[in-house]
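Take a look at the letters that make up each chain.
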Amino acid sequence: MKYILLSLLLLVCISCSEELDFETQSFEKTSTLDCTENCPEIQLEIPVAKNAKIISDSINNTVFAAVKSIVDFGDKPNNSSNYEQLANSFIQAYEKLKTDFPKDRFGWEAKIEGEVKYKSEHLLNIEINHYTFTGGAHGYAGLRSLIFDPKTGKQIPNEKLFKNWELFKVFAETKFRNKYKIPRDQPINSTGMFFENDVFQVAQNIFFTDKGIILHYNPYEIAAYVDGSRDLLIKYEEANDYLITK
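J.: How do you make sense of the overall build of the protein chain when you look at a structure like this?
T.: Across its full length, the protein chain holds five helices and eight strands. Secondary structure elements in the protein chain, listed N-terminal to C-terminal, are α-β-β-α-α-β-β-β-α-β-β-β-α. For the C-alpha atoms alone, the extent of the protein chain along its principal axes is close to 80 × 55 × 30 Å. In the protein chain, buried positions account for 40% of the 246 residues. Contacts spanning at least 24 positions in sequence make up 52% of the contacts within the protein chain whose residues lie at least 6 apart.

J.: Before we go on, may I ask you to explain the packing of helix α2 (residues 53-71) against helix α3 (residues 83-100) in this structure?
T.: The axes of two packed helices give the description: the angle between them and the distance between them. Relative orientation of the contacting elements α2 and α3 amounts to 0°, with a least axis distance of 11 Å. Judged on the interaxial angle alone, α3 and α2 are roughly parallel. Here Asn 60, Val 63, Phe 64, Val 67, Lys 68 and Val 71 of α2 come into contact with α3, specifically with Tyr 83, Leu 86 and Phe 90. Looking at the contact of α2 with α3, its residues break down into seven nonpolar, one polar and one charged.

J.: Before we go on, may I ask you to explain the side chain of Ser 80 in this structure?
T.: Among the secondary structure elements, Ser 80 is positioned in the loop between α2 and α3. Residue classification places Ser 80 among the buried residues on the basis of a relative accessible area of 8%. There is a polar contact of 2.6 Å between the side chain of Ser 80 and the side chain of Asn 78. Polar side-chain contacts of Ser 80 include one of 3.3 Å to the backbone oxygen of Gln 85. Beyond its immediate chain neighbours, meaning those up to four positions away, Ser 80 contacts Phe 64, Lys 68, Gln 85, Leu 86 and Ser 89.

J.: How should I be thinking about the sheet that holds strand β1 (residues 21-30) in this particular structure?
T.: What links the strands of a sheet is backbone hydrogen bonding, and the strands pair in either a parallel or an antiparallel sense. Strand order across the open sheet formed by five strands is β1-β2-β3-β4-β5, with mixed pairing between neighbours. Either end of the sheet is taken by a strand with one partner, and the two such strands are β1 and β5 (140-148). Within this sheet the neighbouring strands show an average axis-to-axis angle of 20°, counted without direction. In terms of strand pairing, strand β4 (residues 124-133) meets β5 through nine bridges, oriented antiparallel. For Thr 132, the partnering residue across the bridge sits in β5 and is Tyr 140. Running at roughly 165° to strand β2 (residues 41-50), α2 makes contact with β1, β2, β3 (109-119), β4 and β5 of the sheet. Set on the sheet, α3 makes contact with β1, β2 and β3; between it and β2 the angle comes to about 165°.

J.: Sorry if this is basic, but what is going on with the confidence of the model for the protein chain here?
T.: Detailed reading of predicted coordinates is not advised where the pLDDT is low. With 92% of its residues at a pLDDT of 70 or more, the protein chain shows a mean pLDDT of 90. Counting interchain partners and residues more than four positions distant, the pLDDT-below-50 stretch residues 5-16 has one contact.

J.: Sorry if this is basic, but what is going on with the pairing of β4 here?
T.: Looking along a regular strand, one sees side chains alternate from face to face of the sheet. Within β4, eight of the ten residues are buried, which leaves the element mostly enclosed by the surrounding structure. Pairing between β3 and β4: ten bridges, direction antiparallel. What sits directly across from Ile 112, in β4, is His 130. Counting the residues that bridge the hairpin from β3 to β4 gives four residues. The turn linking β4 back onto β5 is made up of six residues, and Gly 135 within it adopts a positive phi angle of 110°.

J.: Help me understand the pattern of salt bridges, please; the structure alone is not making it clear to me.
T.: If the charged atoms of two oppositely charged side chains come close together, the side chains can form a pair. Throughout the structure, instances matching the rule amount to seven salt bridges. A salt bridge links Glu 23 to Lys 50, with the shortest nitrogen-to-oxygen separation between them at 3.9 Å. Taken together, the residues Glu 23 in strand β1 and Lys 50 in strand β2 connect sequence positions 27 residues apart. For Glu 23, a relative accessible area of 34% translates into the label partly exposed.

J.: Can you help me understand the nonpolar core in this one?
T.: Within soluble globular proteins, side chains that are nonpolar generally end up buried alongside one another. Among the nonpolar cores identified, the biggest contains 31 residues, and Ile 59, Val 63, Val 67 and Tyr 83 are the most heavily contacted of them. Elements with a minimum of two residues in this core: β1, β2, α2, α3, β3, β4 and β5. Element by element, the count of residues in this core is highest for α2, at eight residues. For Val 67, the contacting residues outside a window of four places in its chain are Leu 44, Ile 46, Tyr 83, Leu 86, Ile 112 and Ile 128. In this structure, Leu 161, Met 193, Leu 215 and Tyr 217 belong to the second largest nonpolar core, which totals 29 residues.

Reading the values: the criteria
- Every chain is numbered independently, its residues counted from 1 as its sequence is written.
- The model is predicted, so local features are restricted to residues of pLDDT at least 70 and side-chain atom pairs to those at 80 or more, both for listing and for counting; the totals for chains, interfaces and linings are taken over all residues.
- Side-chain descriptors were evaluated using all non-hydrogen atoms of the structure, hydrogens and water having been removed beforehand.
- Secondary structure is summarised from DSSP: a helix means a run of H or I of at least four residues, a strand means a run of E of at least two, and numbering begins at the N terminus for each.
- Any residue under 20% of the maximum accessible area for its type is buried, any over 50% is exposed, and the rest in between are partly exposed; the area is computed with a 1.4 Å probe on protein chains only.
- What makes two residues a contact is simply this: any of their non-hydrogen atoms within 4.5 Å.
- Axes here refer to lines fitted to C-alpha atoms; in helices the fit is confined to the stretch in contact. Angles between the N-to-C directions go from 0 to 180 degrees.
- Every angle not falling under 35 degrees, over 145, or within 65 to 115 is termed oblique; those three ranges are roughly parallel, roughly antiparallel and roughly perpendicular.
- Charged residues are taken to be Asp, Glu, Lys and Arg, nonpolar residues to be Ala, Val, Leu, Ile, Met, Phe, Trp, Tyr, Cys and Pro, and polar residues to be all remaining types, Gly included.
- Distance and chemistry together define a polar contact, namely a pair of N or O atoms within 3.5 Å, with one atom able to donate a hydrogen and the other to accept it when in protein, and with adjacent residues in sequence counting only for side-chain atoms on both sides.
- A pair of strands is treated as paired once DSSP finds two or more bridges between them.
- pLDDT gives the predictor's per-residue confidence on a scale running from 0 to 100.
- Any Lys or Arg side-chain nitrogen located within 4 Å of an Asp or Glu carboxyl oxygen qualifies as a salt bridge.
- Think of a nonpolar core as a cluster: buried Ala, Val, Leu, Ile, Met, Phe, Trp, Tyr and Cys residues, connected wherever their side-chain atoms sit within 4.5 Å.

Next up, the structure:
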């Protein structure tokens, strides 16, 4: 009986060690090139999946690719394969520019914070809150949503979240027009929106919350920068008719 209990305990411990979990890892790099205060810097706080190795690797690779696409810029591909290298490459790019143009003033900054916003048996939603500034009149801030199947670690495309994507799109447009007071018999851009080709599109970033799903449009996506972001909350009482799962 003693050995049976020990075996069962071992199995439980193995099972627990394989349960998907997250820890926040931080990465920071600051330039000291010709700088004494408010020096250009990059700060990364990233939720890193642990245990369940194959699933974790899939999630971590996707999150890293998303962060890399936010930080990366320029014509040359960024060969960074981890967050330390990514932070270093950002500062190195600044320092090269500063060396090439020593008389110009630059105030580069990058701050990216990732967080697990929603987790259920069927869905895992990671939010990436980002701000970057590499010169110009202002920086750019936004939110990015990454949705995964927690059983496989694979990212779920927005279209695969819904039973019928086209029907949901029609429903979402009605809700959007109601919230932002756009007449049904007028073009979607009639009140100042910037939808491409004057055709409503579901937001690229969809977030799951306790109350419902949020369609989040970042600045520039459908409105002028000064107008900020646009959000549309669809409560689960209505969204459930269209969602495959939540």
